[in-house]
Structure formats: C-alpha cells, structure tokens
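What the coordinates show
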Amino acid sequence: QALPVLFKHWLKNEEVEEGRTAMLHCELTNPNAPVEWRKGDTVLRPSDKYEISQEGTRVELFIYNAEAQDA
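Now for a look at the structure at hand. (Residues numbered from 1 in each chain as written. Predicted model: local features only at pLDDT ≥ 70, side-chain atom pairs only at ≥ 80, totals over all residues. Heavy atoms only, no water.)

**Description of the pairing of strand β2 (residues 22-28)**
Pairing between strand β1 (residues 7-9) and β2: 2 bridges, direction antiparallel. Each residue of the ladder has a partner; that of histidine 9, found in β2, is glutamate 27. Bridge analysis of β2 against strand β6 (residues 58-63) gives 6 bridges, and the strand direction is antiparallel. Directly across from leucine 24, in β6, lies its bridge partner leucine 61. (Pairing = 2+ DSSP bridges. Helix = DSSP H or I, 4+ residues; strand = E, 2+ residues; numbered from the N terminus.)

Encoded structure:
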C-alpha cells in the first residue's frame, strides 16, 4: 500500500500588484503525485490565466495578470 502524500513545504500567502504575475508553490513528499489547484470549489486548469507546473516534488501555480478576484 502506498504512503500518503504530505506537504514538505506548505503554501505561503503571497502579495502581488494587480496586473502582475503571482506564483504559488509547495513541495510534496512524493515526486509526481497528482495535484489539483483549486479556488474554492473550482478546479483551476491551465489556460491563458493559469500555468501549472510540476517537477519532482515541487508544484507551482502561476496566475497571470492578477486581479483582486484572484485572492
């Protein structure tokens, strides 16, 4: 049975000026574990607004042209 995936480094609050790019990242205990980024109940998908990357245990979310509603 596989071990559960845990956070090695949790997400931190980030502040960014409107119109800039926000970058959120965390580190997991298991490389390439499936990750879903969410805002409330909405699953975020790669688009012109969101870029999601995962390399080994590091997972990143870029939010382009950040707006107040992205908080």
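**Quick word on the environment of threonine 29**
With respect to the secondary-structure elements, threonine 29 resides in the loop between β2 and β3 (38-39). You can call threonine 29 partly exposed: its relative accessible area is 41%. Along the primary structure threonine 29 and histidine 9 are separated by 20 residues, whereas in three dimensions their C-alpha atoms are 9.1 Å apart. Leaving out residues up to four positions away in the same chain, threonine 29 has contacts with Pro4, Val5, Leu6, Lys8 and Thr57. (Buried < 20%, exposed > 50% of the residue type's maximum accessible area, 1.4 Å probe, protein only. Contact = heavy atoms within 4.5 Å.)

**Remarks on the packing of aromatic side chains**
Summed over all chains, the structure comprises 1 aromatic pair. Seen in terms of ring centroids, phenylalanine 62 and tyrosine 64 are 6.4 Å apart; in terms of plane orientation they differ by 10 degrees. Their pairing is stacked. The class for tyrosine 64 is partly exposed, based on a relative accessible area of 29%. (Phe/Tyr/Trp six-rings, centres within 6.5 Å; stacked < 30°, edge-to-face > 60°.)

**Overview of unusual backbone geometry**
Although it is not a glycine, asparagine 65 sits at a positive phi angle of roughly 50 degrees. On the basis of relative accessible area, asparagine 65 is assigned to the partly exposed category, the value being 47%.

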